Amino acid sequence: MNRIDNFNAGPSALPLSVLQKAQKELLNFQNSGMSVMELSHRSKTYDFVHRKAQELLRELMNIPDTHEVLFLQGGASLQFAMIPYNFLSNDEVGYYSLTGSWSEKALKEAQTIGNAHILNSSKDRTYSYIPSWEDPVDDRCAYVHITSNNTIYGTQWQQFPNTKKPLIADMSSDILSRQLDIEKFDLIYAGAQKNLGPSGVTVVIIRKEFLQKANHNLPTYLSYHTHAEKNSLFNTPPTFAIYMLSLVLEWVKEEGGLSTIEERNERKASMLYDVIDSSNHFYRGHAEGNSRSRMNVTFTLPSAELTKVFLTEAQENGFVGLSGHRSIGGCRASIYNAVSEQSCERLAAFMKKFQHQHG
Ligand SMILES: Cc1ncc(COP(=O)(O)O)c(C=O)c1O
């Protein structure tokens, strides 16, 4: 089978066995005589899929009963708005840790809705590091918001802040990539299209106590209460995306769960960072050492021309998705869960060969 080495930033690679299972079941899901896409979202057969995805996510991420699991739509981008709508009343303030373009977007959106301030920032060095933490001293602080992995700049929180304030995290690009203490978080959200499945479903994990504080006077869809009360079946959910999520979660379980996935992700990232670090500055990593992402490895070459040649030759050699985000250029290898160690080995070997030829 001709599968390419896919380093896309999202939507991104899915496990081959998941795609094959979906293909096998596509026309006749569990002897229903229908595709899963054709099932009523109120049917027993779909309900099984829905619950299975919720249960597997709970099991794999060790989500305690104190937290609710929701499946929403609108991507992480809608969460940028839902969070302030639900949790910022007139006199309250949301505090945002600015670590890249996505946290800038989250802050900007919150500022159109209520009071939102910058807590700390790494913009002074083009978002190449995770800034140090101090809790806001403001009594009006309703929550603090972080972006756990900065998809564009390639930085990642290695340790989460010890905060007394409600902690909200955009985990779009590293959810399910490592073990987590869910208890630390009041709300976690993530678009599915990197580690969880195809685009179309957004996972929200919210502490029930925190949910109690959410605003009730909102348009129905924008209220977290709606989705929690209706078990994410208030309106038609993205049934196919949730089905794919359940298959991806099954795959993670079969692979050995999050501890195995985490170790594998560490090995994959090391392969690429080792090439960068031993390249005598031919490859220059964007992220500073202790802030490096295990999901998005960002780097440049000595000149813009050479970066272009690298990207062209990479494409010719069967590596896709290595261009950096259009806002910063350079190169980026996104190595989410479904990108195999073999793909990373091949890329590492290609990078060494390229340096040998052009260095
Ligand atoms: C960290 C992060 N947050 C938010 C988003 C936006 O997600 P969506 O397209 O699901 O709205 C992305 C997309 O790449 C992302 O990487």
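Structure: above.
**Student:** Please set out the overall build of the protein residue by residue, giving values where relevant.
**Tutor:** Looking only at helices and strands, the protein has 10 helices and 14 strands in total. A compact globule built from 359 residues would reach a C-alpha radius of gyration of about 21 Å, and the protein, at 21 Å, matches this within 12%. Counting only C-alpha atoms, the protein reaches 60 × 60 × 30 Å along its principal axes. Sequence-distant contacts in the protein: of pairs separated by 6 or more residues, those separated by 24 or more amount to 65%. By element, 46% of the accessible surface of the protein is carried by carbon and sulfur atoms, the whole surface being about 16,000 Å².

**Student:** Tell me about the environment of R3, and name the residues and values.
**Tutor:** Relative to the assigned elements, R3 resides in the segment before strand 1 (5-6). Contacts of R3, omitting those with residues within four sequence positions, involve L14, L16 and L19. Within the structure, R3 has its side chain in polar contact with the backbone oxygen of L14 (distance 3.5 Å).

**Student:** For a nonpolar patch on the surface, give the residues involved together with the corresponding values.
**Tutor:** A cluster of nonpolar residues, L26, L27 and M37, forms a patch on the protein surface that exposes about 310 Å² of accessible area. By relative accessible area, which is 69% here, L27 ends up exposed.

**Student:** Describe in detail the site of the ligand, supporting the description with residues and values.
**Tutor:** In the vicinity of the ligand there are 13 residues, among which S77, T151, D170, Q193 and K194 approach most closely. Contacts to the ligand include W102, whose side-chain N or O atom sits 3.4 Å from an oxygen atom. One of the side-chain N or O atoms of Q193 is found 2.9 Å from an oxygen atom in the ligand. Across the complex, the protein chains shield 86% of the 400 Å² of accessible surface that the ligand would expose by itself. Its residues placed into classes, the shell around the ligand shows three nonpolar, eight polar and two charged.

**Student:** Quick one: what's the story with unusual backbone geometry, residue by residue and with numbers?
**Tutor:** With an omega of -5°, the peptide bond between G10 and P11 qualifies as cis. In this fold, P11 is placed in the loop between strand 1 and helix 1 (16-25). Although it is not a glycine, Q30 adopts a positive phi angle of roughly 45°. Mapped onto the elements, Q30 comes out in the loop between helix 1 and helix 2 (44-61). On the accessibility criterion, Q30 (45% relative accessible area) is partly exposed. Although it is not a glycine, Y127 adopts a positive phi angle of roughly 55°. Topologically, Y127 is positioned in the loop between strand 4 (115-121) and strand 5 (141-147).

**Student:** An account of the side chain of S35 is requested, with residue identities and associated values reported.
**Tutor:** Structurally, S35 can be placed in the loop between helix 1 and helix 2. One polar contact links the side chain of S35 to the main-chain carbonyl oxygen of L26, over a distance of 3.0 Å. Sequence-distant contacts of S35, that is, excluding residues within four places in its chain, are made with L26, L27 and F29.

**Student:** Please set out the sheet that holds strand 8 (residues 167-170) residue by residue, giving values where relevant.
**Tutor:** Across the sheet, which stays open at both edges, the seven strands sit in the order 2-10-9-8-5-3-4 with mixed pairing between neighbours. In the strand order of this sheet, the two ends are held by strand 2 (67-72) and strand 4, each with one partner. The mean inter-strand angle of the sheet, taken between neighbouring strand axes irrespective of direction, is 20°. In this structure, strand 5 lies alongside strand 8, joined through four bridges in parallel fashion. Counterpart to V144 in the pairing with strand 8 is L167.

Each value, and the rule that gives it
Residues numbered from 1 in each chain as written. Predicted model: local features only at pLDDT ≥ 70, side-chain atom pairs only at ≥ 80, totals over all residues. Heavy atoms only, no water. Helix = DSSP H or I, 4+ residues; strand = E, 2+ residues; numbered from the N terminus. Rg over C-alpha atoms; globule rule 2.2 N^0.38 Å. Contact = heavy atoms within 4.5 Å. Areas by Shrake-Rupley, 256 points an atom, 1.4 Å probe, with all protein chains shown as cover. Polar contact = N/O pair within 3.5 Å; in protein donor to acceptor, adjacent residues only side chain to side chain. Patch = residues over 30% accessible without salt bridge, like charges linked within 9 Å, V, L, I, M, F, W, Y side chains within 5 Å. Salt bridge = Lys/Arg side-chain N within 4 Å of Asp/Glu carboxyl O. Buried < 20%, exposed > 50% of the residue type's maximum accessible area, 1.4 Å probe, protein only. Near = heavy atom within 4 Å. Nonpolar A, V, L, I, M, F, W, Y, C, P; charged D, E, K, R; others polar. Pairing = 2+ DSSP bridges. Axes fitted to C-alpha atoms, helices over the stretch in contact; angles between N-to-C directions.

Any functional reading would require information beyond the geometric quantities listed.
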